[in-house]
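If you want the building blocks of each chain, they are given just below.
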Amino acid sequence: SALGLSLAVLIKPPSLYLGLPLLYLSVHKFGWRCVTRPALWGVAAAAVVPAVLWYAHAYQLWLDHGNTFGLIGRRSVAGVWPLGDEQWHWLLRELTSRLTWLIATPVGLLFGVVGLLGPKSQSARVLLWWLLAFVVYAVLVPRGHLGHDYYQLPFVFVAAAYIGRGVTILLDRAAFSRGVVAALLVIALGLAAWQMRGKISIRKPDLVRVPFA
């Protein structure tokens with residue numbers, strides 16, 4: 001786990017968002033005594049220390065030779081917009097569109113909603129913290145998420161887990177009444193119809209100010 005997390009952060013620093021669900025698992029297993037366990041500090045160090053050393057080295061390469069690696073030497077896609085900025089509206093619209101058409105599809109979205117609203121279990125709580133971590137990631141790096149659809153690729157794992165959980169719940173006839181399932185279907189179809197208004201496109205409007213188009 002430490003090696004995988006370390007490699008993920010070396011490839012893309014925003015992978016640090018995985019620390020939130022891992023922290024939840026640690027607190028659930030050990031309580032707040034987890035902060036005294038050396039092994040867990042080792043996992044954190046494996047995630048952070050190699051990345052700090054590598055990006056410090058990459059930054060020095062940029063200073064000496066102009067070589068760029070990721071965000072080093074370039075305008076950053078990070079930075080939170082002001083609360084009233086209209087770009088939050090476009091970000092929410094784009095992420096909803098990509099979730100509906102590129103990640104889950106309308107039918108998968110229905111199963112995912114069932115999985116999200118279904119009975120809570122230990123595995124479901126892990127998924128919830130994973131989902132929350134991704135939301136924090138999107139809020140902290142909104143320009144990147146608006147300008148690049150591949151920023152949402154990590155969310156595929158969470159969406160697939162929720163969709164699979166929703167299918168499992170629906171196969172258990174005692175979990176939901178037919179009325180609840182019908183209502184969820186109407187919601188999914190309504191959301192699909194809303195997304196299909198006019199020309200279907202995931203391209204951002206020209207008025208949005210994004211540094212990387």
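In this text, all values refer to a predicted model and were calculated from it rather than measured experimentally.

Draft legend 1. Inspection of the packing of helix α5 (residues 105–117) against helix α8 (residues 155–171) at higher detail. Axis separation between α5 and α8 bottoms out at 7 Å; the angle between their running directions is 75°. Classified by the angle between their axes, α5 and α8 sit roughly perpendicular to one another. Counted together, Gly108, Phe111, Gly112, Val114, Gly115 and Leu116 of α5 and Tyr162, Ile163, Arg165, Gly166, Val167, Ile169 and Leu170 of α8 form the full contact between these two elements. Its residues assigned to classes, the contact of α5 with α8 comprises eight nonpolar, four polar and one charged.

Draft legend 2. Seen up close, the nonpolar core. Grouped together as the largest cluster of nonpolar side chains are 12 residues: Tyr17, Leu127, Leu131, Ala133, Phe134, Tyr137, Val141, Tyr151, Phe155, Val158, Ala159 and Tyr162. Considering every element that reaches this core, the biggest residue donor is helix α6 (residues 122–140), with five residues.

Draft legend 3. Structural detail: empty space enclosed by the protein. A full pass over the atoms with the stated rule returns one cavity of 30 Å³ or more. Estimated volume of the largest cavity: approximately 40 Å³. Around the largest cavity sit Gly115, Leu116, Gly118, Lys120, Ala124, Leu128, Tyr162 and Arg165, which together line it. Listing elements by their share of the lining of the largest cavity, those giving two or more residues are α5, α6 and α8. Along the lines of polarity and charge, the residues of the lining of the largest cavity split into four nonpolar, two polar and two charged.

Draft legend 4. Main features of the confidence of the model for the protein chain. When the pLDDT values of the protein chain are averaged, the result is 83; 84% of them are 70 or greater. Mean pLDDT across the secondary structure elements of the protein chain bottoms out at helix α9 (residues 178–195), with 73, and peaks at helix α2 (residues 19–30), with 94.

Draft legend 5. Summary view of α2. Look at α2: 16 Å from first C-alpha to last across 12 residues, which is about the 16 Å you get at 1.5 Å a residue. Looking only at α2, the buried set comprises Pro21, Tyr24, Ser26 and Phe30. In this structure, the buried residues of α2 make contact with α3 (38–65) and α6. Remark: glycine 31 follows α2 within two positions and exhibits a positive phi of approximately 70°.

Draft legend 6. Spotlight on the packing of aromatic side chains. If you walk through the whole model with that rule in mind, you get nine aromatic pairs. Connected via pairs of aromatic rings, a cluster forms that spans Tyr17, Phe134, Tyr137, Tyr150, Tyr151 and Phe155. Against the face of phenylalanine 30 rests arginine 37, its NZ or CZ located 3.9 Å from the ring centre.

Draft legend 7. A look at the pattern of salt bridges. A complete count under the given rule lists one salt bridge for this structure. Notably, a salt bridge pairs glutamate 94 with arginine 98, separated by 3.5 Å at the nearest N-O pair. Of the two residues, glutamate 94 and arginine 98 both sit in helix α4 (residues 87–103), four residues apart, roughly one turn of that helix. With a relative accessible area of 5%, arginine 98 lands in the buried category.

Draft legend 8. View of a nonpolar patch on the surface. A cluster of nonpolar side chains, contributed by Val80, Leu116, Leu117, Leu128, Trp129, Leu132, Val135, Val136, Val139 and Leu140, occupies part of the molecular surface with about 810 Å² of accessible area. Within the residue set of the nonpolar patch, elements represented by two or more residues are α5 and α6. Here the element with the most residues in the nonpolar patch is α6; it accounts for seven residues. Mapped onto the secondary structure, valine 135 falls in helix α6. Using a relative accessible area of 41% as the deciding quantity, one classes valine 135 as partly exposed.

Draft legend 9. Summary view of unusual backbone geometry. One non-glycine residue, threonine 105, lies in positive phi territory at about 70°. Relative to the helices and strands, threonine 105 resides in helix α5.

Here is what the cut-offs are and how they apply
- Residues numbered from 1 in each chain as written.
- Predicted model: local features only at pLDDT ≥ 70, side-chain atom pairs only at ≥ 80, totals over all residues.
- Heavy atoms only, no water.
- Axes fitted to C-alpha atoms, helices over the stretch in contact; angles between N-to-C directions.
- Helix = DSSP H or I, 4+ residues; strand = E, 2+ residues; numbered from the N terminus.
- Parallel < 35°, antiparallel > 145°, perpendicular 65-115°, else oblique.
- Contact = heavy atoms within 4.5 Å.
- Nonpolar A, V, L, I, M, F, W, Y, C, P; charged D, E, K, R; others polar.
- Core = buried A, V, L, I, M, F, W, Y, C linked by side-chain atoms within 4.5 Å.
- Buried < 20%, exposed > 50% of the residue type's maximum accessible area, 1.4 Å probe, protein only.
- 1 Å grid on protein atoms, 1.4 Å probe; cavity = no way out; pocket = protein on both sides within 12 Å on 5 of 7 lines; lining within 4 Å.
- Points joined across faces, edges and corners; volume = space filled by probe spheres on them.
- pLDDT = per-residue confidence, 0-100.
- Expected span 1.5 Å × (residues − 1).
- Phe/Tyr/Trp six-rings, centres within 6.5 Å; stacked < 30°, edge-to-face > 60°.
- Lys NZ or Arg CZ within 6 Å of the ring centre and 35° of its normal.
- Salt bridge = Lys/Arg side-chain N within 4 Å of Asp/Glu carboxyl O.
- Patch = residues over 30% accessible without salt bridge, like charges linked within 9 Å, V, L, I, M, F, W, Y side chains within 5 Å.
- Areas by Shrake-Rupley, 256 points an atom, 1.4 Å probe, with all protein chains shown as cover.

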